[in-house]
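# Descriptive structure summary
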Number of protein chains: 2
Amino acid sequence: MGGFYGARLQQAGFEVHFLLHSDVQYVREHGIVIEGANRQLILGRVNAHASVDTIPPCDVVIVALKTTRNDLLPHLLAKPLAPNGVVLMLQNGLGVEAEAAAVVGEDRVLGGLCFICANKIGPGRILHLDYGDVMLGEYRADGAPGGITPRLEAIAEDFRAAQVPTTCAEDLLRSRWKKLVWNIPYNALSVILRTTTDRLMQNPDARALVESVMREVIAAAAACGKTIEEAFVRKMLDDTDRMKPYKTSMMLDFEAGRPMEIEALYARPLAASQAAGFPAPMIETLMRQLRFLGDSS
Amino acid sequence: MGGFYGARLQQAGFEVHFLLHSDVQYVREHGIVIEGANRQLILGRVNAHASVDTIPPCDVVIVALKTTRNDLLPHLLAKPLAPNGVVLMLQNGLGVEAEAAAVVGEDRVLGGLCFICANKIGPGRILHLDYGDVMLGEYRADGAPGGITPRLEAIAEDFRAAQVPTTCAEDLLRSRWKKLVWNIPYNALSVILRTTTDRLMQNPDARALVESVMREVIAAAAACGKTIEEAFVRKMLDDTDRMKPYKTSMMLDFEAGRPMEIEALYARPLAASQAAGFPAPMIETLMRQLRFLGDSS
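Residues numbered from 1 in each chain as written. Chains lettered and ligands numbered in written order. Predicted model: local features only at pLDDT ≥ 70, side-chain atom pairs only at ≥ 80, totals over all residues.

A few words on the overall build of chain A. For chain A, the count of helices and strands is 12 helices and nine strands. Its C-alpha radius of gyration of 19 Å places chain A within 12% of the 19 Å reference for a compact globule of 297 residues. Dimensions of chain A along its principal axes, counting C-alpha atoms only, are 50 × 40 × 35 Å. Within the span of chain A, comprising 297 residues, buried residues form 44% of the whole. Within chain A, contacts between residues separated by at least 24 positions form 68% of all contacts whose residues are at least 6 apart in sequence. (Helix = DSSP H or I, 4+ residues; strand = E, 2+ residues; numbered from the N terminus. Rg over C-alpha atoms; globule rule 2.2 N^0.38 Å. Buried ≥ 20, exposed ≤ 12 C-beta atoms within 10 Å, placed from the backbone. Contact = placed C-beta atoms within 7 Å.)

Here it is as structure tokens:
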């Protein structure tokens, strides 16, 4: 995610600094390549950093880390953030802005969601399969809608200038729940059943289960005060039918033996739902199955 | 199951005829061996049949077939059943007596449950790992308790004479639901998570999920008018903690590429629960996951 959106922003003329935890030497020498269906974006030279210490103060710090490494945020955010800068949490799941807010303060945190099918296929090399839209929103610790502020619109404009279709969300937390309507069924079931999105859609039982889980996520969101229209289920199913066969990022993590984003994508939504009085038994089932598989792998 | 209990009955002096769908030639030549922890039961000569046509009329026809082959019942039951004989359905799940009753009539069907850990390990060779008790009950098409009849007691006595600890159930359908409290979580999760009972019990999330599923099965049973006490969950967990590491029969079927007993163990209990107004989302999740895995294997 960081490589993809950072490359687009740099291509549009913005000064971008990439912090890499691996591949830094390779990317310094060879830059970043985004392979798309009809286009290829090649950046021969990028500012690739191995440490936050060499990054100059930034107006916007985009966090595109896996949520499983959010324990690094105190270290990562303190230094590169300019005095009036903001942090943009480009991650999935719930509770990630709170983790950044604990470091830099609630009023300096924005959130973002990426609607994209893309996978890293090598050092500095990203395969862009489908979609690419971004949605941005203001964070509020109380979960209320943060509204669309000038600073939010300004960042959205920068993304648009970088040819990233970008919208602003009145209610970031509601948007996060909406994204979970897709993420919760497909990520978990692709790992648990060791399969791809297209095969889930083709099997009548997997498809019915995806739909039931989507409805449960909408019920969980409703319990938490975030209304998602029922028709959204149909739209998510249709969108996925049109997608190319896709291995979810969680399946790639699982196959590679990396930690899965169970906490942000399952445990926190489940805890929020149960605290609001809705037990969400399907989400609980998927979460516990994922944890077993993660612990056993 | 058929080999195990048939061998015990023959050993006790009863005339037993075994119908085998494979291994018949081997068993005719070598008999049946039951390997136990502390004892071995060797029957050098048994009546092994390749077809129902050679079986004489029997007072009790014990059906120990996988429920996935209950489509064979019309063919299997018509011939060997003596004019006053009864059919004993020694299978797991719901609805199996109804399948026999459709062939021989409601009043000639009994049901039974086996509490045993045993696996076939070769032709005519059975490994008896743990337990071995049997519970028998009268079938009633309306699901009401059938009570303990003289013919039920007589068959129970025969099993006891064969050193099989046997009890009679007032309410067969309630006993079937109780058995599902164990079968539904362990069979499904062992297949879906590709593991054994002991590893499920050692992992905190798998263990919590087993317990949640057990409580849902009890709620489903209650919706269907069959009350199972909450303390039964504790007993099932404790029993499983004491069991030797065990691959469930469904996991063995799955690994061997054989059909799994999804219909009798999941689809029928789920349909009964939903018809009674309780949605049973965890059972639905497990059923659909199993069906996907069964269709994909």
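We now examine the nonpolar core. Counting residues in hydrophobic clusters, the biggest one holds 181 residues, and the most contacted among them are Val87(A) and Val87(B). Ignoring any residue separated from it by four or fewer positions in sequence, one finds Val87(B) in contact with Val61(B), Val63(B), Leu77(B), Leu81(B), Ala100(B), Val104(B), Arg108(B), Val109(B) and Leu110(B). (Core = buried A, V, L, I, M, F, W, Y, C linked by C-beta atoms within 7 Å.)

Let's shift gears to the environment of Phe18(A). Residue and element names in this part refer to chain A. With respect to the helices and strands, the residue Phe18 is situated in strand E1 (residues 17-19). Since 23 C-beta atoms lie within 10 Å of it, Phe18 is described here as buried. The spacing of Phe18 and Ala7 is 11 residues in sequence and 9.2 Å in space, taken between C-alpha atoms. Among all residues touching Phe18, those that are not within four sequence positions of it are Gly2, Gly6, Val46, Asn47, Ala48 and His49.

Moving on: the pairing of strand E2 (residues 32-35) of chain B. All names here are of chain B. Strand direction decides the pairing type here: E2 and strand E3 (residues 40-43), joined by four bridges, are antiparallel. Bridge pairing links Val33 to Ile42 in E3. Connecting the antiparallel pair E2 and E3 is a turn made up of four residues. In the sheet, E2 pairs with strand E8 (residues 125-138) via three bridges, with the strands oriented parallel. Looking across to E8, one finds that Glu35 is bridged to Leu127. (Pairing = 2+ DSSP bridges.)

Compared with the 28 Å implied by 1.5 Å per residue over 20 residues, the 29 Å span of helix H8 (residues 204-223) of chain B between its first and last C-alpha is a close match. Buried within H8(B) we find Ala206(B), Leu209(B), Val210(B), Val213(B), Met214(B), Glu216(B), Val217(B), Ile218(B), Ala220(B) and Ala221(B). At its buried positions, H8(B) is contacted by helix H12 (281-296) of chain A together with helix H6 (172-192), helix H7 (197-202), helix H9 (231-242), helix H11 (262-275) and helix H12 (281-296) of chain B. Gly225(B) occupies a position one or two residues after H8(B) and carries a positive phi of about 85 degrees. (Expected span 1.5 Å × (residues − 1).)

The two copies are related by a screw motion: chain A maps onto chain B through a turn of 180 degrees and a shift of 0.0 Å along the axis, at an RMSD of 0.0 Å. In symmetry terms, the pair is related by a two-fold rotation axis. Of the residues that chain A buries at the interface, 100% are likewise interface residues in chain B, meaning the two copies contact each other through the same surface. (Least-squares fit on C-alpha atoms with pLDDT ≥ 70 in both.)

Turning our attention to the interface of chain A and chain B. Listed as interface residues are 18 residues of chain A and, on the opposing side, 18 residues of chain B. At the level of elements, helix H8 (204-223) and H12 of chain A are the ones that each hand at least two residues to the side of chain A that touches chain B. By residue number, the principal contributor to the side of chain A that touches chain B is H12(A), which donates 10 residues. Each residue belonging to the side of chain A that touches chain B can be placed in one class, and the counts come to nine nonpolar, four polar and five charged. (Nonpolar A, V, L, I, M, F, W, Y, C, P; charged D, E, K, R; others polar.)

With a phi close to 65 degrees, Asp23(A) is a non-glycine residue in the positive phi region. Tracing the chain through its elements places Asp23(A) in the loop between E1 and helix H2 (24-30). Although it is not a glycine, Tyr131(B) adopts a positive phi angle of roughly 55 degrees. Looking at the secondary structure, you find Tyr131(B) in strand E8. The class for Tyr131(B) is partly exposed, based on 13 C-beta atoms found within 10 Å.

A word on the domain arrangement of chain A. Residue and element names in this part refer to chain A. Domain boundaries assigned for chain A yield domain 1 (2-170) and domain 2 (174-296). Computed over C-alpha atoms, the centres of domain 1 and domain 2 are 24 Å apart. At the junction of the two partners, domain 1 supplies 17 residues and domain 2 supplies 16 residues. Contributing elements (two or more residues each) for the side of domain 1 that touches domain 2: strand E7 (109-122) and strand E8 (125-138). Per-element tally for the side of domain 1 that touches domain 2: the top contributor is E8, with four residues. (Domains from an automatic or database assignment.)

With that settled, the discussion passes to the environment of Gly143(B). By secondary structure assignment, the location of Gly143(B) is in the loop between E8 and helix H5 (150-161). For the pair Gly143(B) and Cys224(B), spaced 81 residues apart in the sequence, the C-alpha separation amounts to 9.4 Å.

What follows is about the packing of H11(B) against H12(B). Residues and elements named next belong to chain B. With their axes 9 Å apart at the nearest point, H11 and H12 run at an angle of 145 degrees to one another. Crossing handedness for the pair H11 and H12: left-handed. Of the residues in H12, those in contact with Ile262, Tyr266, Ala267, Pro269 and Leu270 of H11 are Ile283, Glu284, Leu286, Met287, Leu290, Arg291 and Gly294. Its residues assigned to classes, the contact of H11 with H12 comprises nine nonpolar, one polar and two charged. (Axes fitted to C-alpha atoms, helices over the stretch in contact; angles between N-to-C directions. Left-handed = near helix turned anticlockwise from the far one by under 90°.)

Here we take up the environment of Gly2(A). Residues and elements named next belong to chain A. Following the sequence through the fold, Gly2 ends up in helix H1 (residues 2-11). Accessibility expressed as a C-beta count within 10 Å gives 16 for Gly2, which makes it partly exposed. It is 7.5 Å that separates the C-alpha atoms of Gly2 and Val63, two residues lying 61 residues apart in sequence. With residues up to four places along the chain from it excluded, the contact list for Gly2 reads Phe18, Ile62 and Ala64.

Quick look at H6(B) now. All names here are of chain B. With 21 residues, H6 extends 29 Å between its outermost C-alpha atoms, agreeing within 8% with the 30 Å of an ideal straight helix rising 1.5 Å per residue. Considering bend angle alone, the principal kink of H6 is centred on Leu180 and spans about 35 degrees. The element H6 is largely enclosed, with a buried count of 20 among its 21 residues. Downstream of H6 by a residue or two, Arg194 has a phi angle that is positive, lying close to 50 degrees. (Bend = angle between axes of the 7 residues up to and from the residue.)

Attention shifts here to the pairing of strand E6 (residues 81-90) of chain B. All names here are of chain B. Two elements, strand E5 (residues 58-63) and E6, share five bridges in a ladder whose sense is parallel. Bridge pairing in E6 places Val61 opposite Val87. Regarding the hand of the β-α-β motif, the stretch spanning E5, helix H3 (residues 73-78) and E6 is right-handed. Across four bridges, the pairing between E6 and strand E7 (residues 109-122) is parallel. Each residue of the ladder has a partner; that of Met89, found in E7, is Gly111. (Right-handed = clockwise from strand over helix to strand, strands pointing away.)

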